[in-house]
Amino acid sequence: MAASSRAQVLDLYRAMLRESKRFSSYNYRTYAVRRIRDAFRENKNVKDPVEIQTLVNKAKRDLEVIRRQMDSHAVAQAEVHWHNLSSLQPPPPQFKQFSYLSLLISWDYRHTPSHLANFCIFSRDGVSLY
Amino acid sequence: MLLRAAWRRAAVAVTAAPGPKPAAPTRGLRLRVGDHAPQSAVPADTTAAPEAGPVLRPLYMDVQATTPLDPRVLDAMLPYLINYYGNPHSRTHAYGWESEAAMERARQQVASLIGADPREIIFTSGATESNNIAIKELEAAIQPDTSLVSVMTVNNEIGVKQPIAEIGQICSSRKVYFHTDAAQAVGKIPLDVNDMKIDLMSISGHKIYGPKGVGAIYIRRRPRVRVEALQSGGGQERGMRSGTVPTPLVVGLGAACEVAQQEMEYDHKRISKLAERLIQNIMKSLPDVVMNGDPEHHYPGCINLSFAYVEGESLLMALKDVALSSGSACTSASLEPSYVLRAIGTDEDLAHSSIRFGIGRFTTEEEVDYTVEKCIQHVKRLREMSPLWEMVQDGIDLKSIKWTQH
């Protein structure tokens, strides 16, 4: 596999920040943005390509975690505000109707734990792992 | 306290909003504290007009009571709440096998955080159950002279860190079992059960950004520590804790432990900085503020401050935009001042004036600054109203006053 280029790392960084800003919870949103910035900053001088690839892979997995959360977090509405702190980002447009079906769909296919590769499961939904 | 009862009534009335209810009427449900607080003396720092908009809730600064789920923990748990719902003790099909594999992986994650072997981790419903199992061992001891030392690793009220390694050393040399309730410490400060010679340890899920309703007990195998089961049944968890292990919850606990291990240094550095900021900014603007607990052996995320001449409950009610506590959540219904503060020799009046500030992984600098600002504002205001404060300003020594009985 070709090593990740600087451009790819930057794209990943931007994608992660973009997704993180979609958290409707103030605390999760600020944590994700802050943690991502700090992590990329901390590792910006890493030269070893193997180490870079490991970090990139971890970042990609974390990006998927954040993406999956967007469906789950649409359910929980509460938002923390301060009347007098205008520097906070406004939350994204609100309230998608909670859809159990959409949650199931996003979980069926995007997240099949790789360690279960040895099992074969047949079910009505046609999900199978092999 | 009338204030607290009124607040509870108000809170119950409006906390229906969050949750997966389709078409929940979130507009107009203003959990705006100002609308319900019975105090009239609070200045209008809240915008008065109740326009429709998102639900507002206080800042959360009570992490010792409980912590929010880390998104990475939720991500780990969800498959086991949706499709992978097998009973981990089912031996005959893939649902059981995959659930068991998840349970064992979680066990390894918990063990790795504290330097233990996975076979030494038993899942329970929380640190309270773990504590009970550990203490019950004392009654089940075979030798009459066996005893048990039980110490909290990090205190949940004042944040003091106990010298666990030293205590472990002493217990080990005297052949006495050593149990520690590490609920507030696991994943926040480095712990190693072998270096610290710990025989039994209680772990709580919801104190480390994991789910509520799950915990674990570490039980040393070498030398073997025998415990008696609190609940008997199908013999799960090596017979030490019967009952189906709740896979989604233990997966969450395992994920929380793994995340904690990765984030410990980063979190500790950040929390220390925020704690320093909070303490310095409060102390430089307010006189007569005492920090309870040893400042040197202290976990930074739990700050307990006493504001002299201000009643703790009044200050809590005044700080209505911030979720705080004046002591341990497990004793919050009683009116007694904290037994911990009394034990460290705090004066009665200062014990009643204490507030606990909790800083955690998700706390922001803005939240700390807002809390500091409001705290300073309300302490000053409450002191202005206090006759005791007035007397102190006039130079009267309160200890010299002979209060009369009516």
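Quick look at the structure, then. From a predicted model like this one, the values you see are computed outputs, not experimental measurements.

## Let's talk about the overall build of chain A
Here is step 1: If you tally the helices and strands in chain A, you get four helices and zero strands.
Here is step 2: When each of the 130 residues of chain A is scored for burial, the buried share is 40%.
Here is step 3: Here the contacts in chain A between residues at least 6 apart in sequence split such that 59% fall between residues at least 24 apart.
Here is step 4: A total of about 8,000 Å² of accessible surface is found on chain A, and carbon and sulfur atoms cover 56% of it.

## Details of the packing of aromatic side chains
Here is step 1: Applying the stated criterion across every chain, the model contains eight aromatic pairs over all chains.
Here is step 2: With a centroid separation of 4.8 Å and 50° between ring planes, the pair formed by A:Tyr13 and A:Phe40 is classed as tilted. Taken together, the residues span a long stretch of sequence, with A:Tyr13 in helix H1 (residues 6–20) and A:Phe40 in helix H2 (residues 26–42) at a distance of 27 residues.
Here is step 3: The partly exposed category is assigned to A:Phe40, whose relative accessible area is 21%.
Here is step 4: Residues B:Tyr309 and B:Trp389 carry aromatic rings whose centres are separated by 5.6 Å and whose planes lie at 50° to one another, so their mutual orientation is tilted.

## Some words on helix H7 (residues 247–285) of chain B
Here is step 1: Taking 1.5 Å as the rise per residue, H7(B) with 39 residues should run 57 Å; its terminal C-alpha atoms sit only 50 Å apart, a clear shortfall.
Here is step 2: When the local axis directions of H7(B) are compared, the greatest deviation, roughly 60°, occurs at B:Glu263.

## Digging into H2(A)
Here is step 1: Its 17 residues give H2(A) an end-to-end C-alpha distance of 24 Å, which sits within 8% of 24 Å, the value for a rise of 1.5 Å per residue.
Here is step 2: Burial in H2(A) covers these residues: A:Tyr26, A:Asn27, A:Tyr28, A:Arg29, A:Thr30, A:Tyr31, A:Ala32, A:Val33, A:Arg34, A:Arg35 and A:Ile36.

## Quick notes on the pairing of strand S4 (residues 177–181) of chain B
Residues and elements named next belong to chain B.
Here is step 1: Taken across its five residues, S4 has four buried, putting it largely inside the fold.
Here is step 2: Here five bridges tie strand S3 (residues 148–152) to S4, and the two strands are oriented parallel to one another. Bridge pairing links Val151 to Thr180 in S4.
Here is step 3: Since S3 and S4 lie parallel, the crossover through helix H6 (residues 164–173) that links them has a hand, and here it is right-handed.

## Section: the pattern of salt bridges
Here is step 1: Under the definition given, this model contains 22 salt bridges over all chains.
Here is step 2: Here B:Glu104 makes a salt bridge to B:Arg107, at a shortest N to O gap of 3.0 Å. In this pair, B:Glu104 and B:Arg107 are both assigned in helix H4 (residues 94–114), three residues apart and thus about one turn of the helix distant.
Here is step 3: A salt bridge links B:Asp347 to B:Lys399; its shortest N-O distance comes to 3.4 Å. On the criterion of sequence distance, the pair formed by B:Asp347 in the loop between helix H9 (339–343) and helix H10 (348–351) and B:Lys399 in the segment after helix H12 (387–393) is long-range, its members being 52 residues apart.
Here is step 4: Taking relative accessible area as the criterion, B:Asp347 reaches 38% and is therefore assigned partly exposed.
Here is step 5: Judged by relative accessible area, B:Lys399 falls into the exposed class, the value being 64%.
Here is step 6: What you see here is one network of salt bridges that share partners, running through A:Arg35, B:Asp70, B:Arg72, B:Glu263, B:Asp267 and B:Arg361.

## As for the state of the cysteines
Residues and elements named next belong to chain B.
Here is step 1: Counted under the stated rule, the structure contains zero disulfides over all chains.
Here is step 2: Summary of cysteine pairing: Cys257 is not part of a disulfide, and the nearest cysteine sulfur, belonging to Cys302, is at 20 Å.
Here is step 3: Look at Cys257 and you get buried, because its relative accessible area is 0%.
Here is step 4: The thiol of Cys375 is not disulfide-bonded; the next cysteine sulfur, from Cys302, is found 15 Å away.
Here is step 5: Cys375 sits in the buried class, given a relative accessible area of 0%.

Reading guide: rules and limits
Residues numbered from 1 in each chain as written. Chains lettered and ligands numbered in written order. Predicted model: local features only at pLDDT ≥ 70, side-chain atom pairs only at ≥ 80, totals over all residues. Heavy atoms only, no water. Helix = DSSP H or I, 4+ residues; strand = E, 2+ residues; numbered from the N terminus. Buried < 20%, exposed > 50% of the residue type's maximum accessible area, 1.4 Å probe, protein only. Contact = heavy atoms within 4.5 Å. Areas by Shrake-Rupley, 256 points an atom, 1.4 Å probe, with all protein chains shown as cover. Phe/Tyr/Trp six-rings, centres within 6.5 Å; stacked < 30°, edge-to-face > 60°. Expected span 1.5 Å × (residues − 1). Bend = angle between axes of the 7 residues up to and from the residue. Pairing = 2+ DSSP bridges. Right-handed = clockwise from strand over helix to strand, strands pointing away. Salt bridge = Lys/Arg side-chain N within 4 Å of Asp/Glu carboxyl O. Disulfide = S-S within 2.5 Å.

So yeah, pure geometry; function would need other evidence.
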